[in-house]
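Residues per chain are reported as follows:
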Amino acid sequence: MKVNRNGSLETVEVTADGEGFCSQAGALLLSNLCDRLGLTEAPGEALAPTRQRRSAHADGEILRDLVVMLIQGGEHVSDLAALRDQPGLFGEVASDSTAFRAIERIGPAELEGIKAARKLVRERAFELGAGPEQPVIDVDASLLGAHSDKEQAAGNYKGGFGFHPMLCYLEGSDAALDGVLRPGNAGSNTGADQVAAIEAGLEQLPPDSLEGEVLVRGDSAACVHAVVDFCREGAIRFSVGHDITAPVREAIAAVPDSAWEGAISQDGVPVAEHPTRPRKAYVAELTELLDLSAWPQGSRLICRRERAHPGAQLSLVDTDGWRHTCFLTDQKGDDLAELDRDHRAHAHVEQRIEDSKALGLAKLPFRSFAMNEAWMQLVLAAQDILGFAKVLTLTGELAKAKPQTLRYRLLHQAGRLARSGRRTRLRLARHWPWATDLVAACRRLDALPLPAG
């Protein structure tokens, strides 16, 4: 075969006589982390009552392999072949039909068992240091397209067709919490669905994490009484976006210039002094200028105004080149810039949802709604494992990388299995820039103490 190297043709002979080679060597790190944190044994126990006959493959191992396959970029059950075709590295992997039947056996009780298994994994990961300092829960909905007739798929408000899950994430962690799979025509501001997602997310947190103050954040779709009242009844703080209505516009116009305080960026630098984002931005409190008696006592309305970037289209509520956004909160404190920064960090949930779609949520593969619910839990479990792998085994840029970047640099590395006596060694390519990072990650995993219990 002819290849072009630096402007000259070179003949490369292609043969198929190599031995011991394997691809996706980085998946071994993920598989071992699943075993270490309990995501192999616990889900298998949840499915045990549904097993009707003996099989060569344990249910927990099947679900673990599906989770690893999703992290590696798989989108369908048939993508298990990427692991199955390499028995030297991953052992005997279940067939597509066996994996399909395992998912098919997941009913409501088994689904709760898988959620309990995910909670156990989270508790063990938090014991090892993967948990954030303060529980801040972000809730948001997202649209998923469907290109065939699937159970409960429906048209959505953007003219598409598919599903509209409500998802819940934990700030400061790339792992997921939980969510509610819904038809495409479900509303973004449906309070009952948001409360159900928040309750499911709270259930995923270890009891120790709920001892301090808990904050729930959402966009303007979460500014409904069902969500706010639920937070107040549960002694949970809230911070939700608020529409700019006519009374709010009047209140903004009544704020004196001296009341606007300089806003700060997410890294704590005043926006006006930020080296890459020097646009002016200010915050002010509107609480005393409005009637907020319909909301729980202690509710506050805070407004942010900033100069729109060049070329941006302003809405009717934006005046004199200022763009305004507001949020309703019951948090205490006089530092409005800090409260504004905390609320704006809710935008991180968009990145988490994007990651979930890159891990298999974008294409729900089954006709059955129940099986797609189970698939969503596997996707969230995959997001958990990848998030915990970043915190516990990776450093530097890799600890912040997106799934696609991690696949290219780390997880899809090629290697060669070498066996000598009773010892097996996986030899990575010496020239690959991130080979040493994968070696270091595996050693950090081996050095982690066993979680209590």
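Below you will find a few notes about this structure. (Residues numbered from 1 in each chain as written. Predicted model: local features only at pLDDT ≥ 70, side-chain atom pairs only at ≥ 80, totals over all residues. Heavy atoms only, no water.)

So, the sheet that holds strand β5 (residues 144-145)
Strand order in the open sheet formed by 3 strands is β5-β7-β6, with antiparallel pairing between adjacent strands. Across the chains shown, the open sheet's two edge strands, defined by having one partner strand only, are β5 and β6 (154-155). With 2 bridges joining them, β5 and strand β7 (residues 161-163) adopt antiparallel strand pairing. Opposite Gly145, over in β7, you have Gly162 as the bridge partner. (Pairing = 2+ DSSP bridges. Helix = DSSP H or I, 4+ residues; strand = E, 2+ residues; numbered from the N terminus.)

So, a positive patch on the surface
Taken together, the side chains of Arg416, Arg423, Arg425, Arg427 and Arg430 present a region of like positive charge at the surface. Following the sequence through the fold, Arg423 ends up in strand β17 (residues 423-428). (Patch = residues over 30% accessible without salt bridge, like charges linked within 9 Å, V, L, I, M, F, W, Y side chains within 5 Å. Areas by Shrake-Rupley, 256 points an atom, 1.4 Å probe, with all protein chains shown as cover. Salt bridge = Lys/Arg side-chain N within 4 Å of Asp/Glu carboxyl O. Lys, Arg positive; Asp, Glu negative; His and termini not counted. Charge placed at Lys NZ, Arg CZ, Asp CG, Glu CD.)

Some details on the environment of Gly129
Along the polypeptide, Gly129 turns up in the loop between α7 (108-127) and β4 (136-141). Placed 90 residues apart in sequence, Gly129 and Asp219 show a C-alpha to C-alpha distance of 30 Å.

Description of the pattern of salt bridges
Where charged atoms from two side chains of opposite charge approach closely, those side chains can pair. Taken as a whole, this structure holds 25 salt bridges when the rule is applied. With its nearest N and O atoms 3.4 Å apart, the salt bridge here joins Arg122 to Asp384. Of this pair, Arg122 sits in helix α7 while Asp384 is found in helix α13 (residues 369-393), placing the two residues 262 residues apart along the sequence. Each member of the pair, Arg122 as well as Asp384, is classed as buried. Among the ionic pairs, Arg182 bridges to Asp193, the shortest N-O distance being 2.8 Å. Placement of the pair is Arg182 in the loop between β9 (176-180) and α8 (191-203) and Asp193 in helix α8, with a sequence separation of 11 residues. (Buried < 20%, exposed > 50% of the residue type's maximum accessible area, 1.4 Å probe, protein only.)

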